[in-house]
Structures are given as C-alpha cells and as structure tokens.
Amino acid sequence: MPDATPATPPRSLSGMQPTSDSLHLGNYLGALVNWVELQERTDAFYFVADLHAQTVPTDPEVIRRRTRVTAAQFIAGGVDPERSALFCQSHVREHTEVAWILACQTGFGEMSRMTQFKDKTTKGQNANVGLFTYPVLMASDILLYRPDFVPVGDDQRQHLEITRDLATRFNSRFGQTFTVPEPYILKESARIMDLQEPQNKMSGSTSPDKGLLLLSDEPSRLAKKVRSAVTDTDGEIRFDPESKAGVSNLLTIHSAMSRRPVAELVAEYAGRGYGDLKKAVAEAVVAAVEPFQARMAELMDDPAELDRILAKGAARATEIARPTRDAVYDAVGVLPAQR
Ligand code: TRP
C-alpha cells in the first residue's frame, strides 16, 4: 500500500456484471460485504460492468432491467452512494476509449491463453471478439482509476495479472502513465456452497435454482430452499466441509448471517436433528434478507432517483478517468481534440 496520508486515502475499485436478476448469498458474502468494508477506509469506485455483459448475447430489455437491479442491490447491500462513486461502466466513456489503446498493445497470443476465454469457448459459448478482448476492457476499467485495491474473487486473478502486464508494458514503451495495481484477491470471508450440490460453489450461472439463495427470493421460498438442502445420513452436526459438505455449508451460512462463530453454533446444535438446524438457518437468512428487500423495494420504486445516483457516480468517476485518458492519448500520440 502506498503511504496513505490522511489527505489522500487509498483508492479502491471494483465491478460486477449485471448477469442475473438477483445477487445470491455467495455474491453478497463473497464480494459485496468486502466492498462495503472497503468504503469505510478508502475512496471507493464501484460500477456495474454493463459493457462486459454485452459479451453474452442477452435480450436488451433484460440487460436494462438487470443493470438497474444490480446497482440497486449494491446500495441495498450497503454501498453508500454518498461515500462511494457508484456508476455504470458505459456512462464513463473513457473505459472504452482506453480499452482500444490497450488493445493495440496486447498480443493476440496472450489473449488466446486466458483461461476464462478458453473455458467459455470450450463449453460451447459461441465466441465473439468482445469476449476475446474482455480482459483488455477490464484492464482499462482498472488502470483509469490508479486504484490501490481491486477487490476481486480468485476467478479474476488472471485478469488482474494481465492488467499488471499491460500497465508495465505501456509504461516502459511510453513512459510512466499507469500505476501497476497490486493484486488484492479476496480471502473469502465465507465460502458459500450450492444447497443441492454442496461440493460446488453457489453460482448464479451453474447452480440450479433450488441450490441458490437469491437475495430477492420471498422469505418463504428461502426457508423452503434451506429445508430441502442436501445433507447426509449420519445425523451428526459438526463442521467438516470435506466429508459433511451440506451440513458444514448450513453452519457457514448461519454463522455469516447471524455473525456467530461456527464453533458456538456447533456446540449449540450438537446432539440435535438437522431439522432444527435448518429451521435456525432459515430464520437467520430471512432476518438478514428482510431489511435488504425493503430497501430494494424503495429503490426500484423510484428509478429516477436511482438514475440520479448513477449520474452523480459517473460524474465523480469521470473526474478521475478523464485525466488518465488524456495522459494515455498524449503518450501514444493521439492529437488532443480542440473543442
Ligand atoms: N470481470 C469481473 C467479473 O466478472 C467484473 C469486472 C469488470 C471487474 N471490470 C472489472 C472487476 C474491473 C474488477 C475490476 O467479476
């Protein structure tokens, strides 16, 4: 971390794609909770990666809805738009402008080696060039803000590495322009697994609906999903993610939602049935989700207010992004536009 004088707090930046109609508990505990924590001690920039979402063909109405919902869920989950700049990626055009310049410094070979691209294409996703250059846009997202922290999950590690490579390369070709961001891979505060296949992570793209606890699910639905969670047959409540993945996941969820240590819960439920544990987990989840849903309802009721929040966030983001774009254009020899 660079020396943080009180006058200039460190900066953090992160984004999430609007690829579903609701965040699930894993997104919330894995990412959003960290964003909220970081906004306490950094100058934070959080955005909805709506341009990245274009890499997967989606109905325009659906993308529009999900972009608003995702932004609202950031707020309902604790991102405070008074303290953090909250914006849509597409509203700050410097993201695409600098992405182009970076693309011209990126090797075809190094993009071809990105594992996420290889995974998605071998899984049959019909690859477009946007998907191929996805990491370049992400590098631009990051480098424009010269952040000290880029909180992301482990699945984004390679994207951060290519971002560092591109920044270093650019600086050595054109002179010091970008700050090379330090990786800040989130240690998962809680690893939340699929309720139906507890050996897999809870995932918006691969878990069945019954395996997902969506932040927008009705309380009765959440309770039902918890009740039908897969456990095991030995009937013993203890924490052992290897051999008792289902029960351990329930304990993890309870612990994260009620902020009580797993050991304390194990002691409390020792000798009792899985039914009791599930009932308690359902109650803890519902209690935590209810205020979130109330705030969501208010935000979705007033889309104009949400749009104002996003506009304000974009204006703040532009203040940081524009001078970086100008420096990049200047470094590579693009003539400044006279306006
Ligand atoms: N690729 C990230 C994801 O899918 C989202 C993202 C886009 C991002 N640009 C970013 C995250 C910049 C951090 C910084 O999760």
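Residues numbered from 1 in each chain as written. Predicted model: local features only at pLDDT ≥ 70, side-chain atom pairs only at ≥ 80, totals over all residues. Heavy atoms only, no water.

Undergrad: Explanation requested: the overall build of the protein in the structure shown.
TA: The helix and strand inventory of the protein stands at 12 helices and 5 strands. Taken against the 2.2 N^0.38 rule, which gives 20 Å for 339 residues, the C-alpha radius of gyration of the protein at 22 Å falls within 12% of a compact globule. Dimensions along the principal axes, computed over C-alpha positions, put the protein at roughly 75 × 45 × 40 Å. Sorting the 339 residues of the protein into buried and exposed places 48% on the buried side. Sequence separation of 24 or more characterises 75% of the internal contacts of the protein that already satisfy a separation of 6 or more. Averaging the locations of the 39 positively and 45 negatively charged side chains of the protein gives two centres separated by 2 Å. (Helix = DSSP H or I, 4+ residues; strand = E, 2+ residues; numbered from the N terminus. Rg over C-alpha atoms; globule rule 2.2 N^0.38 Å. Buried < 20%, exposed > 50% of the residue type's maximum accessible area, 1.4 Å probe, protein only. Contact = heavy atoms within 4.5 Å. Lys, Arg positive; Asp, Glu negative; His and termini not counted. Charge placed at Lys NZ, Arg CZ, Asp CG, Glu CD.)

Undergrad: Honestly, the site of the ligand in this entry has me stumped. Any pointers?
TA: Around the ligand, the surrounding shell holds 13 residues, and the nearest of these are His52, Tyr134, Met138, Asp141 and Gln156. Here a nitrogen atom of the ligand and a side-chain polar atom of Asp141 are 2.6 Å apart. Expressed as a share of its isolated accessible area of 370 Å², the protein-covered part of the ligand is 90%. Those elements that provide at least two residues to the shell around the ligand are strand E1 (11-16) and helix H6 (129-143). Top contributing element to the shell around the ligand by residue count: H6, with 4 residues. (Near = heavy atom within 4 Å. Polar contact = N/O pair within 3.5 Å; in protein donor to acceptor, adjacent residues only side chain to side chain. Areas by Shrake-Rupley, 256 points an atom, 1.4 Å probe, with all protein chains shown as cover.)

Undergrad: How should I be thinking about the pattern of salt bridges in this particular structure?
TA: Pairing is possible between side chains of opposite charge, provided their charged atoms come close. Within this structure, the stated rule accounts for 30 salt bridges. Of the charged contacts, one joins Lys225 and Asp217 as a salt bridge, the two residues approaching to 2.6 Å between their closest N and O atoms. Each member of the pair Lys225 and Asp217 is classed as buried. A salt bridge links Arg272 to Asp276; the nearest nitrogen and oxygen atoms lie 3.2 Å apart. Overlapping salt bridges, with partners in common, bring together Arg93, Glu94, Glu97, Arg322, Arg325 and Asp326 in one network. (Salt bridge = Lys/Arg side-chain N within 4 Å of Asp/Glu carboxyl O.)

Undergrad: Got a minute to help me understand the nonpolar core in this structure?
TA: Nonpolar side chains tend to gather and get buried jointly when the protein is soluble and globular. Core analysis: the largest hydrophobic core is formed by 58 residues, its most contacted members being Leu25, Trp35, Phe74, Leu213, Ile253, Leu277 and Val285. Top element by residues in this core is helix H11 (residues 274-301). It accounts for 12 residues. Among all residues touching Ile253, those that are not within four sequence positions of it are Leu25, Ile192, Leu195, Leu213, Val281 and Val285. Grouped together as the second largest cluster of nonpolar side chains are 36 residues, Val136, Val152, Ile162 and Phe170 included. (Core = buried A, V, L, I, M, F, W, Y, C linked by side-chain atoms within 4.5 Å.)

Undergrad: Quick question: what am I supposed to make of the packing of aromatic side chains here?
TA: Two aromatic rings, taken as a pair, are described by how far apart their centres are and by the angle between their planes. A complete count under the given rule lists 9 aromatic pairs for this structure. Here a set of aromatic residues connected by ring pairs shows up, and it is made of Phe45, Phe47, Phe87 and Tyr145. In this structure, Arg41 packs its charged tip against the face of Phe149, placed 5.8 Å from the ring centre. Taking NZ or CZ as reference, Arg316 lies 5.5 Å from the ring centre of Phe45, over its face. (Phe/Tyr/Trp six-rings, centres within 6.5 Å; stacked < 30°, edge-to-face > 60°. Lys NZ or Arg CZ within 6 Å of the ring centre and 35° of its normal.)

Undergrad: What's the story with helix H9 (residues 245-258) in this structure? I'm lost.
TA: Residues lying three or four places apart along an α-helix face the same way, a consequence of the helix completing one turn every 3.6 residues. Along its 14 residues, H9 runs 20 Å from first to last C-alpha, staying within 8% of the 20 Å computed at 1.5 Å per residue. Summarising burial for H9: 12 of the 14 residues are buried, a large majority. The set of residues buried in H9 consists of Ala245, Gly246, Val247, Ser248, Asn249, Leu250, Leu251, Thr252, Ile253, His254, Ser255 and Met257. Elements in contact with the buried residues of H9: helix H1 (25-39), helix H8 (219-227), helix H10 (262-269) and H11. Residue Arg259 follows H9 closely and has a positive phi angle near 55 degrees. (Expected span 1.5 Å × (residues − 1).)

Undergrad: Any chance you could explain the UniProt feature "binding site: ATP" (unreviewed entry) in the protein here in plain terms?
TA: With numbering matched to this structure, UniProt assigns "binding site: ATP" (unreviewed entry) to Gln17, Pro18, Thr19, Gly26, Asn27, Gly153, Asp154, Asp155 and Ile192. Within the fold, Gly153 resides in the loop between strand E4 (151-152) and helix H7 (157-174). The class for Gly153 is partly exposed, based on a relative accessible area of 27%. Residue contacts for Gly153: discarding those within four places in its chain leaves Ile185 and Leu186. (UniProt positions renumbered as here; feature names shortened; annotations may be inferred.)

Undergrad: Quick question: what am I supposed to make of the sheet that holds strand E3 (residues 85-88) here?
TA: Neighbouring strands of a sheet are bound in pairs by backbone hydrogen bonds; such pairs are parallel or else antiparallel. The sheet built from 3 strands is open, its strands ordered E1-E2-E3 with parallel pairing. Of all the strands in the sheet, the pair left with one neighbour each is E1 and E3. If you compare each strand with its neighbour and ignore which way they point, the axes differ by 15 degrees on average. As paired elements, E1 and strand E2 (residues 43-48) share 6 bridges and run parallel to each other. Following the sheet pairing, Leu13 is matched in E2 by Phe45. Running over the sheet, H1 touches E1 and E2 and is turned about 155 degrees from E1. (Pairing = 2+ DSSP bridges. Axes fitted to C-alpha atoms, helices over the stretch in contact; angles between N-to-C directions.)

Undergrad: It is not clear to me how the environment of Asn249 should be interpreted in this structure. Could you clarify?
TA: Along the polypeptide, Asn249 turns up in helix H9. According to the relative accessible area criterion, Asn249 is buried, its value standing at 3%. For Asn249 and Ser140, which are 109 residues apart along the polypeptide, the C-alpha to C-alpha distance reads 37 Å. Aside from chain neighbours lying at most four places away, what touches Asn249 is Arg191, Ile192, Met193, Asp194 and Leu195.

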